[in-house]
Amino acid sequence: MKKIQVYSGIETLPRGRASDNITEGCMVLEGGAFRGVYTSGVLDALMEEDINMRCTVGVSAGALNGVNYVSGQIGRSGRINLRYRHDSRYVGPKALRRNKGIIGFDFVFGDMAKVPPLDKKRFMDKSRQFYAVVTNLKTGKPEYLEKNSGIPPLRAVRASASMPFVSKPVIINGKPYLDGGCSCKIPYQFAIDKGFEKIIVIKTRYAEFRKPVSERKLRAENVVYRNYPQFARALINSNEDYNRQCDELERLAAEGRIFLITPSEAVSVSRLEGDMEKLGHVYNMGYNDAKNELERLREYLKK
């Protein structure tokens, strides 16, 4: 049997369980496919430091990370990505056959031999809220699906992380959904509108990064999603919307309204990055960035 490539430092990842203490406020998690290992590192460090926010809202890979943050399982997200990236049940032909998409959610949400099972009881505990951001194909708008709202939460996460063009829509209550990042890449406004005074936002791109905005008239989005014109429009506008969000986040952070954690260096991994040492480096960057921000973060949370 062919040996699957894993990160050489996999055994050095932290382990353990977060405490039951709850920090009032909201954790906001950007997506970014395998750039999400940065978020895994940040969240592991914060759980070790007893920072377990009352509410978590995540998009795409951010939603996947958020599940393990709310379940309080330190190191679990990192172990999934840094051990199983090259397992075709997770990313590859087996995932495509079983899940009709690039990511094998059945595998991720199932039993993995070398990763502890998800603590579903703790994840579902009503003392903490968790929202997965999804995009409704019919309206092109984001929706925020809460884990205790009656919708199967892991199905909501699957919809949130199902990338356009390479995944089939996920049907929930008769409505088609895809990646929440198609309509809202960083859901900080949701946290503000919910009335949270303390908001931590974790980005997976360095602070100065902005996306290119195309002026092309003929767009693949309009062809592939011709039956969902509002969704196609959301996709076309998503880069411009993202840049606006980044500008506003910098302003809110400067005003002390939110606390922003961003990579301390450019994250040079692709959405489906296969270089395990690169991914391990990004995880460790997130872990160390969070540790370096702890003093400032505690001051922010105390104000």
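Bear in mind that the values here come from a model prediction, so they are computed numbers and not experimental data.

Novice: Looking at this structure, I do not really get the environment of Gln5. What am I missing?
Specialist: Tracing the chain through its elements places Gln5 in the segment before strand S1 (16-17). When its relative accessible area of 41% is taken as the criterion, Gln5 is described as partly exposed. For Gln5 and Asp87, which are 82 residues apart along the polypeptide, the C-alpha to C-alpha distance reads 8.5 Å. Setting aside anything within four residues of it in sequence, one finds Gln5 in contact with Arg83, His86, Gly274 and Met276.

Novice: Would you take a moment to explain the side chain of Arg35 for this structure?
Specialist: Here Arg35 shows up in the loop between strand S2 (23-29) and helix H1 (36-48). Despite being buried, Arg35 has no salt bridge partner; Glu30 is the closest side chain of opposite charge, sitting 4.5 Å away. For Arg35, the contacting residues outside a window of four places in its chain are Thr204, Arg205, Val267, Val269, Arg271 and Val282.

Novice: Explain the environment of Tyr131 here, please?
Specialist: Considering the arrangement of structural elements, one finds Tyr131 in strand S5 (residues 129-136). Each C-alpha atom, one on Tyr131 and one on Arg89, is 26 Å from the other, the two residues being 42 residues apart in sequence. The contact partners of Tyr131, leaving out residues within four places of it in the chain, are Cys55, Thr56, Val57, Gly58, Tyr144, Leu145, Glu146, Phe190 and Lys194. A distance of 3.3 Å separates a polar atom in the side chain of Tyr131 from a polar atom in the side chain of Gln129.

Novice: Can you walk me through the pairing of S5 in this structure?
Specialist: Taken residue by residue, a regular strand's side chains alternate between the two faces of the sheet. Where burial is concerned, most of S5 is hidden: seven out of the eight residues are buried. As judged from the five bridges shared by S5 and strand S6 (residues 142-146), these two strands associate in the antiparallel manner. By the bridge assignment for S6, Val134 is matched with Glu143. Between S5 and S6, which pair antiparallel in sequence order, lie five residues; one of them, Gly140, sits at a positive phi of approximately 70°. Two elements, S5 and strand S8 (residues 175-179), share three bridges in a ladder whose sense is antiparallel. Across the sheet, the residue bridging to Asn136 is Tyr177, located in S8.

Rules of the game
Residues numbered from 1 in each chain as written. Predicted model: local features only at pLDDT ≥ 70, side-chain atom pairs only at ≥ 80, totals over all residues. Heavy atoms only, no water. Helix = DSSP H or I, 4+ residues; strand = E, 2+ residues; numbered from the N terminus. Buried < 20%, exposed > 50% of the residue type's maximum accessible area, 1.4 Å probe, protein only. Contact = heavy atoms within 4.5 Å. Lys, Arg positive; Asp, Glu negative; His and termini not counted. Salt bridge = Lys/Arg side-chain N within 4 Å of Asp/Glu carboxyl O. Polar contact = N/O pair within 3.5 Å; in protein donor to acceptor, adjacent residues only side chain to side chain. Pairing = 2+ DSSP bridges.

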